[in-house]
Amino acid sequence: MDDMDRRLLSALRDCGTDRRVAAAARALSWAGEHGALWLAAGLVGAAADRERRSAWLRGTALTAGAHLASMGVKRVVRRPRPEAGIGVEPLVKTAGRHSFPSSHATSAAAAAVAYGALRPVGAHVVPPLAAAMCVSRMVVGVHYPSDVAAGAALGALTARLGARWMTQGAAR
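Below or above, wherever it landed, is the structure these notes cover. Quick caveat, the model's predicted, so the values are computed rather than measured.

### Considerations on the side chain of Asp147
1) Next: Mapping Asp147 onto the fold places it in helix 7 (residues 145-161).
2) Next: Note on Asp147: relative accessible area 0%, which makes it buried.
3) Next: Ignoring anything within four residues of it in the chain, the contact list for Asp147 reads Arg79, Ser99, Phe100, Pro101 and Ser102.

Next up, the structure:
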């Protein structure tokens, strides 16, 4: 598994040699720091969609909760981030030195599931942007594919478990 993780990371990180790809990946990394993009999206959804305001706010809470859960798992697992020693030079600085699971992927997947339930905007805009966020973490060289997969699974599961609570009383 480690060998495959390293080879996939190296291949995706090579995509970052294109200036445009690197710039997009850096922008996504910056926007997703501490789940900021997804929390802001939930608050904008709550402000714009008065009919489902409570669902948007609950979805935002689920997204924040998923992000916090990933930070807790990181403190337990303590997997180091990829380093230049394995041929991966990161394109961004990180807030922490642990990589498993990817908190960016966790909050992105939680938002995709939670906001995706709030059709039509959430279902059409959020999932592709969340997928791009997940891939960007490997392109910038700060997460192994298994970090991203675990983070996405944690985020999706967290939001899925809270889906009924999120949409209770909300117009569909």
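On we go from here.
### So, the packing of helix 4 (residues 53-77) against helix 5 (residues 103-116)
1) Next: Packing of helix 4 against helix 5 brings their axes to within 8 Å, and their N-to-C directions diverge by 155°. For the element pair helix 4 / helix 5, the angle class is roughly antiparallel. The hand of the helix 4/helix 5 crossing is right-handed. Residue-level contacts link Trp56, Gly59, Thr60, Thr63, Ala66, His67, Ser70, Met71 and Lys74 of helix 4 to Ser103, Thr106, Ser107, Ala110, Ala111, Ala114 and Tyr115 of helix 5.
2) Next: The class makeup of the residues in the contact of helix 4 with helix 5 is seven nonpolar, eight polar and one charged.

### Looking at the packing of aromatic side chains
1) Next: A full pass over the atoms with the stated rule returns one aromatic pair.
2) Next: With a centroid separation of 5.2 Å and an interplanar angle of 40°, the aromatic rings of Trp56 and Tyr115 are classed as tilted. Of the two residues, Trp56 is situated in helix 4 and Tyr115 in helix 5; the sequence distance between them amounts to 59 residues.
3) Next: By relative accessible area, Trp56 is classed as buried at 7%.
4) Next: For Tyr115, a relative accessible area of 0% corresponds to the buried category.

### Section: helix 2 (residues 19-32)
1) Next: Taking 1.5 Å as the rise per residue, helix 2 with 14 residues should run 20 Å; its terminal C-alpha atoms sit 20 Å apart, in good agreement.
2) Next: Burial in helix 2 covers these residues: Ala22, Ala25, Leu28, Ser29, Ala31 and Gly32.
3) Next: Looking at where helix 2 begins, the residue whose side-chain oxygen comes 2.8 Å from the main-chain nitrogen of Arg20 is Asp18.
4) Next: Immediately downstream of helix 2, the backbone of His34 shows phi near 60°, a positive value.

### Topic: unusual backbone geometry
1) Next: Residue Phe100 is joined to Pro101 through a cis peptide bond whose omega torsion reads -5°.
2) Next: Along the chain, Pro101 falls in the loop between helix 4 and helix 5.
3) Next: Residues other than glycine seldom take positive phi values, yet His34 does so here, at roughly 60°.
4) Next: Mapped onto the secondary structure, His34 falls in the loop between helix 2 and helix 3 (36-48).
5) Next: A residue is classified by how much of its surface remains accessible, and His34, at 48% relative accessible area, is partly exposed.
6) Next: Residues other than glycine seldom take positive phi values, yet Arg78 does so here, at roughly 60°.
7) Next: Tracing the sequence through the fold places Arg78 in the loop between helix 4 and helix 5.

Conventions and cut-offs
- Residues numbered from 1 in each chain as written.
- Predicted model: local features only at pLDDT ≥ 70, side-chain atom pairs only at ≥ 80, totals over all residues.
- Heavy atoms only, no water.
- Helix = DSSP H or I, 4+ residues; strand = E, 2+ residues; numbered from the N terminus.
- Buried < 20%, exposed > 50% of the residue type's maximum accessible area, 1.4 Å probe, protein only.
- Contact = heavy atoms within 4.5 Å.
- Axes fitted to C-alpha atoms, helices over the stretch in contact; angles between N-to-C directions.
- Parallel < 35°, antiparallel > 145°, perpendicular 65-115°, else oblique.
- Left-handed = near helix turned anticlockwise from the far one by under 90°.
- Nonpolar A, V, L, I, M, F, W, Y, C, P; charged D, E, K, R; others polar.
- Phe/Tyr/Trp six-rings, centres within 6.5 Å; stacked < 30°, edge-to-face > 60°.
- Expected span 1.5 Å × (residues − 1).
- Polar contact = N/O pair within 3.5 Å; in protein donor to acceptor, adjacent residues only side chain to side chain.

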